[in-house]
Structure formats: structure tokens, C-alpha cells
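Results of the structural survey
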Amino acid sequence: MIYRISKDAAPALGDVQEAGPGDMVMILRDARERHDMARYWAAAGVAFRRGATITGSGI
């Protein structure tokens, strides 16, 4: 599954944290403007440790 995080839209934090092998967390450039981006960075870190691919534009 692909989880996209942008300024205006993002999946639930728990969904990002549960991502694993075969999943991708895509962080778009404008996501840095989110007030809760620190939480999404932490969730992406958990997903990375679980085996998910983390990618994005301008991160």
C-alpha cells in the first residue's frame, strides 16, 4: 500500500506506523507545513524499522 502525506491529506498515524514490507510512505514537499508533521516523521520511522520504504519529494 502507498501512504501519501501532504499538507492537506494524510492517512491515520496508526496506519503509517503499521506499514511494513511491501508498503511505501510517500512524504510530499508540502507536508512540512503540517502542524502535526513531527508525529508523522515518528510514524514513518516506525514504518521504516518495520520494513516499509520511505520516499518523497523535497524531504
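Just above, that's the structure.
A short tour of the structure in this document, coming up. (Residues numbered from 1 in each chain as written. Predicted model: local features only at pLDDT ≥ 70, side-chain atom pairs only at ≥ 80, totals over all residues. Heavy atoms only, no water.)

**Some remarks on the nonpolar core**
Ranked by internal contacts, the top residues of the largest apolar core, which has 13 residues, are Ile5, Val16, Ala19, Val25, Ile27 and Met37. Broken down by secondary-structure element, the contributors of at least two residues to this core are strand 1 (2-5), strand 2 (24-27) and helix 2 (37-50). If one sorts the elements of this core by residue count, helix 2 sits on top with five residues. Apart from the residues within four sequence positions on either side, Val16 is in contact with Ile5, Pro11, Val25, Tyr40, Ala43, Ala44 and Ala47. (Core = buried A, V, L, I, M, F, W, Y, C linked by side-chain atoms within 4.5 Å. Buried < 20%, exposed > 50% of the residue type's maximum accessible area, 1.4 Å probe, protein only. Helix = DSSP H or I, 4+ residues; strand = E, 2+ residues; numbered from the N terminus. Contact = heavy atoms within 4.5 Å.)

**A few points about the side chain of Ser6**
Locating Ser6 in the fold gives a position in the loop between strand 1 and helix 1 (13-17). Those residues in contact with Ser6 that sit more than four places away from it in its chain are Leu28, Asp30, Ala31 and Arg34.

**Topic: the environment of Ala12**
Mapping Ala12 onto the fold places it in the loop between strand 1 and helix 1. Take Ala12: its relative accessible area is 44%, and that puts it in the partly exposed class.

**A look at the sheet that holds strand 3 (residues 53-56)**
With parallel pairing, the three strands of this open sheet are ordered in space as 1-2-3. The sheet is open, and its two edges are formed by strand 1 and strand 3, each paired on a single side. Ignoring strand direction, the axes of neighbouring strands in this sheet form an average angle of 20°. Both strand 1 and strand 2 contribute to a ladder of four bridges, which runs parallel. Within strand 2, the position partnered with Ile2 by the bridge is Met24. Across the face of the sheet, helix 2 comes into contact with strand 1, strand 2 and strand 3 while running at roughly 150° to strand 2. (Pairing = 2+ DSSP bridges. Axes fitted to C-alpha atoms, helices over the stretch in contact; angles between N-to-C directions.)

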